[in-house]
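Geometric and topological summary
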Amino acid sequence: ADQLGVNTYAEVAQDMLKRRRLKRVRQALASKGALEMTYWVCAFSVNQHASICDGFGAPPNEVDPDRQRLKLAEYEAKKRDTVTGEEFRVCDCRQEKYRNASPEKCEMNKFD
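Since this is a predicted model, take the numbers as computed values, not measurements.

The next subject is the overall build of the protein. When helices and strands are counted, the protein shows three helices and zero strands. Reading the helices (α) and strands (β) of the protein from amino to carboxyl end gives α-α-α. Over its C-alpha atoms the protein spans a radius of gyration of 19 Å, topping by over 25% the 13 Å that the globule rule assigns to 112 residues. For the C-alpha atoms alone, the extent of the protein along its principal axes is close to 60 × 35 × 30 Å. The burial tally for the protein puts 15% of its 112 residues in the buried class. Excluding contacts between residues fewer than 6 apart, the proportion of contacts in the protein whose partners are at least 24 apart in sequence is 48%. Counting every atom, the protein has about 9600 Å² of accessible surface; 51% of that belongs to carbon and sulfur. Looking at the protein, you have 20 positive and 18 negative side-chain charges, and the mean spots of the two groups are 9 Å apart.

Given below as structure tokens:
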């Protein structure tokens with residue numbers, strides 16, 4: 001979906017399944033040089049819009065100044081694309097967030 005410029009995978013899936021146009025989708029991806037691209041997929045389908053899409057979390061707050069510098073550098077690095085160095089964009093959706101303060105509704109606290 002990302003490489004084809006559509007908002008959701010559902011649009012691509014419908015095209016492939018209902019109309020049996022897998023070949024057309026493959027050709028469209030190949031024309032964009034995206035057929036061999038690798039994507040990470042969360043097999044548990046966590047709704048990131050209900051948990052983490054709006055920010056990076058609180059920056060570190062270490063008492064020791066040396067440790068604070070180290071942790072802050074790590075924090076800043078994790079906010080950036082490792083290739084371009086650009087800071088990741090955060091989402092401005094209005095989805096209500098459920099974090100650890102709402103353990104029953106939070107989707108991120110179920111992994112061990």
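Before going further, it helps to examine the layout of surface pockets. Size it by volume and the largest pocket reaches roughly 1200 Å³. Along its surface, the largest pocket is lined by 24 residues, and Ala1, Asp2, Tyr39, Trp40 and Val41 are the ones closest to its centre. Only helix H1 (9-17) and helix H2 (22-31) provide two or more residues apiece to the lining of the largest pocket. Tallying contributions element by element places H2 first for the lining of the largest pocket, with four residues. The calculated volume of the second largest pocket comes to roughly 200 Å³. Taken together, Asp81, Thr84, Glu86, Glu87, Phe88 and Arg89 form the lining of the second largest pocket. Taken together, the residues of the lining of the second largest pocket break down into one nonpolar, one polar and four charged.

Our next topic: the side chain of lysine 97. Structurally, the position occupied by lysine 97 is in the segment after helix H3 (65-78). In this structure, lysine 97 is buried with no salt-bridge partner, the nearest side chain bearing the opposite charge being aspartate 54 at 5.0 Å. Side-chain polar atoms of lysine 97 contact the backbone oxygen of histidine 49, separated by 2.8 Å. There is a polar contact of 3.0 Å between the side chain of lysine 97 and the backbone oxygen of glutamine 95. The residues touching lysine 97, leaving out its near neighbours within four places in the chain, are His49, Ala50, Ser51, Cys53 and Asp54.

About the criteria used
- Residues numbered from 1 in each chain as written.
- Predicted model: local features only at pLDDT ≥ 70, side-chain atom pairs only at ≥ 80, totals over all residues.
- Heavy atoms only, no water.
- Helix = DSSP H or I, 4+ residues; strand = E, 2+ residues; numbered from the N terminus.
- Rg over C-alpha atoms; globule rule 2.2 N^0.38 Å.
- Buried < 20%, exposed > 50% of the residue type's maximum accessible area, 1.4 Å probe, protein only.
- Contact = heavy atoms within 4.5 Å.
- Areas by Shrake-Rupley, 256 points an atom, 1.4 Å probe, with all protein chains shown as cover.
- Lys, Arg positive; Asp, Glu negative; His and termini not counted.
- Charge placed at Lys NZ, Arg CZ, Asp CG, Glu CD.
- 1 Å grid on protein atoms, 1.4 Å probe; cavity = no way out; pocket = protein on both sides within 12 Å on 5 of 7 lines; lining within 4 Å.
- Points joined across faces, edges and corners; volume = space filled by probe spheres on them.
- Nonpolar A, V, L, I, M, F, W, Y, C, P; charged D, E, K, R; others polar.
- Salt bridge = Lys/Arg side-chain N within 4 Å of Asp/Glu carboxyl O.
- Polar contact = N/O pair within 3.5 Å; in protein donor to acceptor, adjacent residues only side chain to side chain.

All we've got here are geometric facts, nothing functional implied.
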